[in-house]
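Observations on the three-dimensional arrangement
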Amino acid sequence: METVVKTKWSIDNSHSEVGFKVKHMMISTVKGHFEEYEASIESSKEDFSDAQFSFSAKTASINTKNNDRDNHLKSDDFFNVNDYPEMTFTSKSFDGDRLVGDLTIRDVTKEITLDVDLNGVAVDPYGQTKAGFEMRGKVNRKDFNLTWSAVTEAGSIVVADTVTLVIDAQFVKQE
(Lines give C-alpha, C1' and ligand atoms only; values in the text may rest on other atoms or scores of the structure.)
Protein backbone atom coordinates (compact mmCIF):
# COMPACT_ATOMS: atom_id res chain seq x y z
CA MET A 1 0.00 0.00 0.00
CA GLU A 2 1.37 3.36 -1.03
CA THR A 3 1.50 6.18 1.50
CA VAL A 4 0.16 9.49 0.26
CA VAL A 5 2.47 12.36 1.15
CA LYS A 6 0.70 15.66 1.64
CA THR A 7 2.54 18.90 1.03
CA LYS A 8 1.81 21.73 3.43
CA TRP A 9 1.50 25.33 2.29
CA SER A 10 1.18 28.44 4.48
CA ILE A 11 -0.22 31.77 3.39
CA ASP A 12 2.24 34.53 2.56
CA ASN A 13 0.49 37.49 4.22
CA SER A 14 2.72 40.07 2.55
CA HIS A 15 1.51 38.94 -0.90
CA SER A 16 -2.13 38.19 -0.06
CA GLU A 17 -5.36 39.99 0.73
CA VAL A 18 -8.58 38.70 2.23
CA GLY A 19 -11.13 41.22 1.08
CA PHE A 20 -14.78 41.83 0.48
CA LYS A 21 -17.05 44.34 -1.17
CA VAL A 22 -20.66 45.31 -0.62
CA LYS A 23 -23.09 47.77 -2.19
CA HIS A 24 -23.71 50.92 -0.16
CA MET A 25 -27.05 52.70 -0.69
CA MET A 26 -27.23 50.61 -3.89
CA ILE A 27 -25.21 53.26 -5.76
CA SER A 28 -21.61 52.55 -4.79
CA THR A 29 -19.39 49.75 -3.58
CA VAL A 30 -17.48 49.76 -0.30
CA LYS A 31 -14.41 47.54 -0.07
CA GLY A 32 -12.67 46.20 2.99
CA HIS A 33 -10.28 43.54 4.15
CA PHE A 34 -9.01 41.72 7.21
CA GLU A 35 -5.48 42.57 8.32
CA GLU A 36 -4.88 39.60 10.63
CA TYR A 37 -5.47 36.13 9.21
CA GLU A 38 -3.91 32.71 8.79
CA ALA A 39 -4.47 30.12 6.10
CA SER A 40 -2.99 26.83 5.04
CA ILE A 41 -3.34 24.16 2.41
CA GLU A 42 -2.54 20.45 2.47
CA SER A 43 -2.39 18.65 -0.85
CA SER A 44 -0.79 15.56 -2.34
CA LYS A 45 -1.39 16.61 -5.95
CA GLU A 46 0.52 19.24 -7.89
CA ASP A 47 -2.71 20.66 -9.35
CA PHE A 48 -4.16 20.99 -5.80
CA SER A 49 -7.28 19.05 -6.88
CA ASP A 50 -7.32 17.19 -3.54
CA ALA A 51 -6.36 20.24 -1.48
CA GLN A 52 -7.74 20.91 1.96
CA PHE A 53 -7.92 24.62 2.79
CA SER A 54 -8.25 26.16 6.24
CA PHE A 55 -8.53 29.82 7.13
CA SER A 56 -9.13 32.04 10.14
CA ALA A 57 -9.29 35.82 10.52
CA LYS A 58 -9.41 38.09 13.53
CA THR A 59 -12.72 39.92 13.14
CA ALA A 60 -11.35 42.95 15.02
CA SER A 61 -8.80 43.40 12.22
CA ILE A 62 -11.48 44.50 9.73
CA ASN A 63 -10.43 47.59 7.77
CA THR A 64 -12.65 49.59 5.40
CA LYS A 65 -10.55 52.77 5.61
CA ASN A 66 -13.16 54.46 7.82
CA ASN A 67 -12.86 54.25 11.63
CA ASP A 68 -16.53 54.93 12.35
CA ARG A 69 -17.66 52.25 9.90
CA ASP A 70 -15.02 49.80 11.18
CA ASN A 71 -16.16 50.34 14.78
CA HIS A 72 -19.77 49.75 13.70
CA LEU A 73 -18.73 46.53 11.93
CA LYS A 74 -16.95 45.39 15.13
CA SER A 75 -20.11 45.98 17.21
CA ASP A 76 -22.94 43.55 17.92
CA ASP A 77 -24.80 44.94 14.87
CA PHE A 78 -22.31 42.98 12.76
CA PHE A 79 -19.31 40.87 13.85
CA ASN A 80 -19.48 41.35 17.65
CA VAL A 81 -15.71 40.98 17.92
CA ASN A 82 -15.81 40.67 21.72
CA ASP A 83 -17.90 37.50 21.71
CA TYR A 84 -16.76 36.19 18.29
CA PRO A 85 -13.11 37.15 17.81
CA GLU A 86 -12.54 34.86 14.81
CA MET A 87 -14.21 33.81 11.61
CA THR A 88 -13.14 30.51 10.04
CA PHE A 89 -13.37 28.50 6.86
CA THR A 90 -12.67 24.78 6.47
CA SER A 91 -12.90 23.17 3.06
CA LYS A 92 -14.91 20.06 2.29
CA SER A 93 -13.94 19.64 -1.36
CA PHE A 94 -11.94 21.26 -4.13
CA ASP A 95 -12.04 20.19 -7.76
CA GLY A 96 -9.53 22.71 -9.07
CA ASP A 97 -12.22 25.28 -9.94
CA ARG A 98 -14.72 25.29 -7.09
CA LEU A 99 -13.91 25.26 -3.40
CA VAL A 100 -16.72 24.12 -1.10
CA GLY A 101 -16.48 24.47 2.65
CA ASP A 102 -17.92 25.66 5.91
CA LEU A 103 -17.69 29.36 6.75
CA THR A 104 -18.28 30.30 10.38
CA ILE A 105 -19.07 33.89 11.32
CA ARG A 106 -20.33 34.65 14.82
CA ASP A 107 -22.08 31.45 15.94
CA VAL A 108 -23.34 30.46 12.49
CA THR A 109 -21.74 27.94 10.13
CA LYS A 110 -22.92 27.73 6.53
CA GLU A 111 -21.60 25.91 3.49
CA ILE A 112 -20.33 28.27 0.81
CA THR A 113 -18.75 27.83 -2.62
CA LEU A 114 -15.86 29.88 -3.96
CA ASP A 115 -14.75 30.05 -7.58
CA VAL A 116 -10.99 29.52 -7.67
CA ASP A 117 -8.30 30.28 -10.22
CA LEU A 118 -4.91 28.71 -9.61
CA ASN A 119 -2.63 31.29 -11.19
CA GLY A 120 0.35 28.97 -11.08
CA VAL A 121 3.29 27.76 -9.06
CA ALA A 122 6.70 29.44 -9.20
CA VAL A 123 9.99 29.61 -7.33
CA ASP A 124 10.80 33.07 -6.00
CA PRO A 125 14.32 34.63 -6.02
CA TYR A 126 14.93 33.20 -2.54
CA GLY A 127 14.26 29.60 -3.56
CA GLN A 128 10.79 29.39 -2.02
CA THR A 129 8.07 27.62 -4.00
CA LYS A 130 4.88 29.68 -4.11
CA ALA A 131 1.37 29.07 -5.41
CA GLY A 132 -1.05 31.88 -6.27
CA PHE A 133 -4.83 31.70 -6.10
CA GLU A 134 -7.71 34.06 -6.80
CA MET A 135 -10.95 33.16 -5.01
CA ARG A 136 -14.35 34.78 -5.44
CA GLY A 137 -17.74 34.08 -3.97
CA LYS A 138 -20.91 35.61 -2.60
CA VAL A 139 -22.58 35.22 0.76
CA ASN A 140 -25.71 36.67 2.27
CA ARG A 141 -24.55 38.51 5.39
CA LYS A 142 -27.91 37.97 7.10
CA ASP A 143 -27.32 34.19 6.97
CA PHE A 144 -24.53 34.82 9.52
CA ASN A 145 -26.55 37.10 11.83
CA LEU A 146 -24.99 40.27 10.41
CA THR A 147 -28.48 41.69 10.25
CA TRP A 148 -28.21 45.44 10.87
CA SER A 149 -30.10 47.37 8.27
CA ALA A 150 -31.32 50.88 7.60
CA VAL A 151 -33.20 52.63 4.83
CA THR A 152 -32.55 56.13 3.52
CA GLU A 153 -35.30 58.75 3.21
CA ALA A 154 -35.49 57.91 -0.49
CA GLY A 155 -36.06 54.24 0.33
CA SER A 156 -32.61 52.92 -0.57
CA ILE A 157 -31.12 50.15 1.54
CA VAL A 158 -27.94 51.40 3.23
CA VAL A 159 -26.05 48.07 3.12
CA ALA A 160 -26.83 45.29 0.66
CA ASP A 161 -27.39 41.75 1.93
CA THR A 162 -25.00 40.21 -0.63
CA VAL A 163 -21.31 40.45 0.19
CA THR A 164 -18.75 39.50 -2.44
CA LEU A 165 -15.63 37.78 -1.10
CA VAL A 166 -12.43 38.71 -2.96
CA ILE A 167 -9.41 36.71 -1.88
CA ASP A 168 -6.01 36.95 -3.52
CA ALA A 169 -3.72 34.46 -1.84
CA GLN A 170 -0.14 33.41 -2.29
CA PHE A 171 0.98 30.30 -0.40
CA VAL A 172 4.52 29.20 0.46
CA LYS A 173 5.42 25.51 0.25
CA GLN A 174 6.68 24.24 3.60
CA GLU A 175 9.75 22.06 3.33
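See above for the structure.
Below, the structure is looked at part by part. Computed from a predicted structure; not experimentally measured.

Some words on the packing of aromatic side chains
For the structure on display, the rule yields 9 aromatic pairs. Between F53 and F133, the ring centres sit 5.7 Å apart and the planes meet at 85 degrees, which makes this aromatic pair edge-to-face. Of this pair, F53 sits in strand β5 (residues 52–58) while F133 is found in strand β10 (residues 129–140), placing the two residues 80 residues apart along the sequence. F53 sits in the buried class, given a relative accessible area of 6%. According to the relative accessible area criterion, F133 is buried, its value standing at 2%. Measuring from ring centre to ring centre gives 5.8 Å for F78 and W148, while their planes differ by 50 degrees; the resulting arrangement is tilted. Here the residue F78 occupies a position in the loop between α1 (67–74) and β7 (86–94), and W148 occupies one in the loop between β10 and β11 (159–173), the gap between them amounting to 70 residues. Among the residues examined, F78 registers a relative accessible area of 5% and is labelled buried. Aromatic ring contacts, followed pair by pair, group W9, F48, F53, F94, F133 and F171 into a single cluster.

About the criteria used
Residues numbered from 1 in each chain as written. Predicted model: local features only at pLDDT ≥ 70, side-chain atom pairs only at ≥ 80, totals over all residues. Heavy atoms only, no water. Phe/Tyr/Trp six-rings, centres within 6.5 Å; stacked < 30°, edge-to-face > 60°. Helix = DSSP H or I, 4+ residues; strand = E, 2+ residues; numbered from the N terminus. Buried < 20%, exposed > 50% of the residue type's maximum accessible area, 1.4 Å probe, protein only.

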